[in-house]
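# Fold and contact review
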Amino acid sequence: MSPALRRYLVSSALLMLLYVALVVLISWGVDLEGLPYAMKVIAAASPGLPLFATLYLYDRYLGREPDEFLRFLQSRAALLAGGVMICLISTWGFLEQYAAFPRFPLTMAFPAFWGAYAVAVGVLQRRFA
């Protein structure tokens, strides 16, 4: 494991702990109904900050990963996962609007992206192995 990957994994794990803590805090720890609207918006948006930070860390990791082929595979996997997610969420939106499908919880889009990314990495590794 490269030092860049090790730094990325540790930093991502810490950010995910912060994300979970913020979700727990706004879900069960703070009475959002009692807050002024502006504070409610800030509290509700707070779990998004670690998510943005993980994307920044991923970009920084890719810039520091010494293995060019690994950078290529991971960049391509991220591109494919992003494209799949955009298509799936858009299609689901049409299904919601025109076929009475249940609403997709958008809070699950980020974890779904990383799930699609994991599948894409596996497919690409098999393809190029």
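It should be noted that the structure appears before, not after, this text.
Residues numbered from 1 in each chain as written. Predicted model: local features only at pLDDT ≥ 70, side-chain atom pairs only at ≥ 80, totals over all residues. Heavy atoms only, no water.

### Here we look at empty space enclosed by the protein
Within the structure shown, the criterion is met by one cavity of 30 Å³ or more. Roughly 70 Å³ of internal volume is contained in the largest cavity. What lines the largest cavity is simply Ala4, Arg7, Tyr8, Ser11, Leu57, Arg60, Tyr61 and Arg64. Elements represented by at least two residues in the lining of the largest cavity include exactly helix H1 (3–29) and helix H3 (48–64). Split by residue class, the lining of the largest cavity holds four nonpolar, one polar and three charged. (1 Å grid on protein atoms, 1.4 Å probe; cavity = no way out; pocket = protein on both sides within 12 Å on 5 of 7 lines; lining within 4 Å. Points joined across faces, edges and corners; volume = space filled by probe spheres on them. Helix = DSSP H or I, 4+ residues; strand = E, 2+ residues; numbered from the N terminus. Nonpolar A, V, L, I, M, F, W, Y, C, P; charged D, E, K, R; others polar.)

### Some points on the nonpolar core
Tyr58, Ala77 and Tyr117 are the most contacted members of the largest nonpolar core, which has 18 residues in total. If you list the elements that add at least two residues to this core, you get H1, H3, helix H4 (68–99) and helix H5 (109–128). No other element matches the six residues that H5 contributes to this core. Excluding anything up to four places from it in sequence, Tyr117 contacts Tyr58, Gln74, Ala77, Ala78 and Ala81. (Core = buried A, V, L, I, M, F, W, Y, C linked by side-chain atoms within 4.5 Å. Buried < 20%, exposed > 50% of the residue type's maximum accessible area, 1.4 Å probe, protein only. Contact = heavy atoms within 4.5 Å.)

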